[in-house]
Amino acid sequence: MAPLTGSAAHKQTLLWLIIASQCVSALACGPEYENAIEEICLAIFRQDMQELDQRRWCSWEDTVELYGALTNCTFLVASTMDCFWPNRLVDEFFIRVHRHYFHDCSLSGRLLRDPPNRILGPFIVVPILVTLLMTALVVWRSKRSEGIV
């Protein structure tokens, strides 16, 4: 391998410094960080979710502030511990939170329920009436064979 020139050597040194700093940041977030977000952030979130009726957990309007506070808490703990954020531990933490609290929720975050009967009724009645009308029209036209070319 040929020796590196000045510019190439600086680029390689800079690349190694960036890689090393990312590794140090990622390695600094170990079990201590995971324990901190479990004990501090999750404890607060768990308390807040228990105060909220379980039927409203899938309502984004009711949980957006709690979820935002949980996100901010994980960021503040990471900043305090000089950890890179977001990281693998934060991703795994939020996956566990979603599996526990939001596993039955729709992707839109809205509560799923049937529309009122005044809206649902026409969507049921109109196709039935059209089907009956078309059937009656076919029977009537088939009995009246005169004038058909």
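My aim in this report is to walk through the structure given alongside it, one point at a time. (Residues numbered from 1 in each chain as written. Predicted model: local features only at pLDDT ≥ 70, side-chain atom pairs only at ≥ 80, totals over all residues. Heavy atoms only, no water.)

This part is about the pattern of salt bridges. All told, the structure shown has five salt bridges when counted by the stated rule. Between arginine 56 and aspartate 62 there is a salt bridge; the shortest N-O distance is 2.6 Å. According to the relative accessible area criterion, arginine 56 is partly exposed, its value standing at 38%. For aspartate 62, a relative accessible area of 24% corresponds to the partly exposed category. Between glutamate 92 and arginine 88 there is a salt bridge, with its nearest N and O atoms 3.1 Å apart. One end of the pair is glutamate 92 and the other is arginine 88, both in helix H4 (residues 88-101) and four residues apart, which spans about a single turn. The class for glutamate 92 is partly exposed, based on a relative accessible area of 32%. A single network of salt bridges, built from pairs that share partners, joins Glu34, Glu38 and Arg96. (Salt bridge = Lys/Arg side-chain N within 4 Å of Asp/Glu carboxyl O. Buried < 20%, exposed > 50% of the residue type's maximum accessible area, 1.4 Å probe, protein only. Helix = DSSP H or I, 4+ residues; strand = E, 2+ residues; numbered from the N terminus.)

Turning next to the state of the cysteines. For the structure shown, the criterion picks out two disulfides. Across the disulfide, cysteine 41 is cross-linked to cysteine 73 (sulfur-sulfur distance 2.0 Å). A torsion of -85° about the S-S bond marks the disulfide between cysteine 41 and cysteine 73 as left-handed. Placement of the pair is cysteine 41 in helix H2 (residues 31-51) and cysteine 73 in helix H3 (residues 60-80), with a sequence separation of 32 residues. Take cysteine 41 and cysteine 73: they sit in the same class, and that class is buried. (Disulfide = S-S within 2.5 Å.)

Once that is clear, we can look at the nonpolar core. Counting residues in hydrophobic clusters, the biggest one holds 26 residues, and the most contacted among them are Tyr33, Phe45, Met49, Val97 and Phe102. Among the elements of the structure, H2, H3 and H4 are those that each provide at least two residues to this core. Top element by residues in this core is H2. It accounts for seven residues. (Core = buried A, V, L, I, M, F, W, Y, C linked by side-chain atoms within 4.5 Å.)

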